[in-house]
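# An overview of the molecular structure
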Amino acid sequence: KERTIKLQKEKTELELQSLKSQLNPHFLFNTLNNIYSLSISNSDKTSQSISQLSDILDYILHKGQKKWVTVSDELAIIEHYIALESLRYHNERLKIQKHTRLNSPNTIPSLLYLTLVENAFKHGAGKSSETTEIKIEVETNDLHSVFKIENTFSDHQTANEKGIGLQNIQRQLLHHYQKNFTFSISQENNIFKVEISTPSHH
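The present account deals with the structure reproduced in this document.

Thresholds applied
Residues numbered from 1 in each chain as written. Predicted model: local features only at pLDDT ≥ 70, side-chain atom pairs only at ≥ 80, totals over all residues. Heavy atoms only, no water. Axes fitted to C-alpha atoms, helices over the stretch in contact; angles between N-to-C directions. Helix = DSSP H or I, 4+ residues; strand = E, 2+ residues; numbered from the N terminus. Parallel < 35°, antiparallel > 145°, perpendicular 65-115°, else oblique. Left-handed = near helix turned anticlockwise from the far one by under 90°. Contact = heavy atoms within 4.5 Å. Nonpolar A, V, L, I, M, F, W, Y, C, P; charged D, E, K, R; others polar. Pairing = 2+ DSSP bridges. Core = buried A, V, L, I, M, F, W, Y, C linked by side-chain atoms within 4.5 Å. Buried < 20%, exposed > 50% of the residue type's maximum accessible area, 1.4 Å probe, protein only. Expected span 1.5 Å × (residues − 1). Salt bridge = Lys/Arg side-chain N within 4 Å of Asp/Glu carboxyl O. Polar contact = N/O pair within 3.5 Å; in protein donor to acceptor, adjacent residues only side chain to side chain.

Moving on, we get to the packing of helix 2 (residues 25-40) against helix 3 (residues 45-61). In the contact formed by helix 2 and helix 3, the axes pass within 9 Å of each other and the chain directions differ by 160°. Classified by the interaxial angle, the pair formed by helix 2 and helix 3 is roughly antiparallel. Note on packing geometry: the crossing formed by helix 2 with helix 3 is left-handed. Touching Phe27, Leu28, Thr31, Leu32, Ile35, Leu38 and Ser39 of helix 2 are Lys45, Thr46, Ser49, Ile50, Leu53, Ile56 and Leu57, all from helix 3. A class-by-class count of the residues in the contact of helix 2 with helix 3 yields nine nonpolar, four polar and one charged.

Below is the structure:
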């Protein structure tokens, strides 16, 4: 019985590792192309973009392999991610709003929030030629950590409710919190919303 439990634990750990290694290769490809374009025009943003990409890769390779990271660390890497994704869009095509209230130094499973941000870009800005709006709200307190993200999508797009990224998140949440979390997905009026609430964890 002990051997079975041990094997099951190892299998779960392996699954978790594979879930965490799924940074969208299109993001990497697009970012390198954008940095190449910046370098040709001798843009001031070239070195900054290389540094941001390096930080993201370092985070995924090192902190991404940890079980828990602080919410503030995850948000810092999300800032880099957004900056690099924004290189692809003219300012008028992408509007981003962020509201953060960090009242407690909570931790979350690594890459949890980054995956959701990646999902919003992939299914919102990445598939629409219209203006895309992405709103992010984060709050931590002694009781819980709450992350809300919404993105607009155009009429001809199909819903991203069953995206692989969201299925991965559901599995990660179940692994870390069993049933002690909320994960809601909704869409109306061309706005796709995801909200996660997890118990505070230091």
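One key point about sheets: their strands pair by backbone hydrogen bonds, in either a parallel or an antiparallel sense. If you trace the five strands from one edge of the open sheet to the other, you get 2-4-5-7-6, paired in mixed fashion. Each edge of the open sheet is held by one strand with a lone partner, namely strand 2 (94-102) and strand 6 (182-188). Averaged over neighbouring strand pairs, the angle between their axes works out to 5° when direction is ignored. By the bridge criterion, nine bridges tie strand 2 to strand 4 (residues 132-140) in an arrangement that is parallel. Pairing of arginine 101 across the sheet is with glutamate 139, part of strand 4.

Soluble, globular proteins show a tendency: their nonpolar side chains are buried together. Val117 and Ile149 are the most contacted members of the largest nonpolar core, which totals 40 residues. Elements that contribute at least two residues to this core include exactly helix 2, helix 3, helix 4 (71-86), helix 5 (112-123), strand 4, strand 5 (144-152), helix 6 (164-177) and strand 7 (191-199).

Here we come to the pairing of strand 5. Sheet topology places strand 4 next to strand 5; seven bridges connect them, and they run antiparallel. When the bridges of strand 5 are listed, isoleucine 134 appears paired with asparagine 151. If you look at the hairpin formed by strand 4 and strand 5, you'll find three residues sitting between the two strands. Relative to strand 7, strand 5 is paired through nine bridges, and the arrangement is antiparallel. Looking at the pairing, histidine 144 lines up with proline 199 of strand 7.

Moving on, we get to helix 5. The terminal C-alpha atoms of helix 5 lie 17 Å apart, and with twelve residues this matches the ideal 16 Å at 1.5 Å per residue to within 8%. Across the twelve residues of helix 5, ten count as buried, placing the element largely inside the fold. Turning to helix 5, its buried residues are Leu112, Tyr113, Leu114, Leu116, Val117, Glu118, Asn119, Ala120, Phe121 and His123.

Next up on the list: the pattern of salt bridges. Tallied over the full model, the rule gives two salt bridges. Two residues, arginine 101 and glutamate 139, come together in a salt bridge whose shortest N-O distance is 3.3 Å. On the criterion of sequence distance, the pair formed by arginine 101 in strand 2 and glutamate 139 in strand 4 is long-range, its members being 38 residues apart. The partly exposed category is assigned to arginine 101, whose relative accessible area is 38%.

Turning to unusual backbone geometry, a few remarks are in order. The backbone phi angle of leucine 111 is positive, close to 70°, even though this residue is not glycine. With respect to the secondary-structure elements, leucine 111 resides in the loop between strand 3 (107-109) and helix 5.

Another aspect to go through is the environment of arginine 101. Sequence separation of arginine 101 and glutamate 137 is 36 residues, and the distance between their C-alpha atoms is 8.3 Å. Those residues in contact with arginine 101 that sit more than four places away from it in its chain are Glu137, Val138, Glu139 and Thr140. Engagement of the side chain of arginine 101 in a polar contact is seen with the side chain of glutamate 139, the distance being 3.3 Å.

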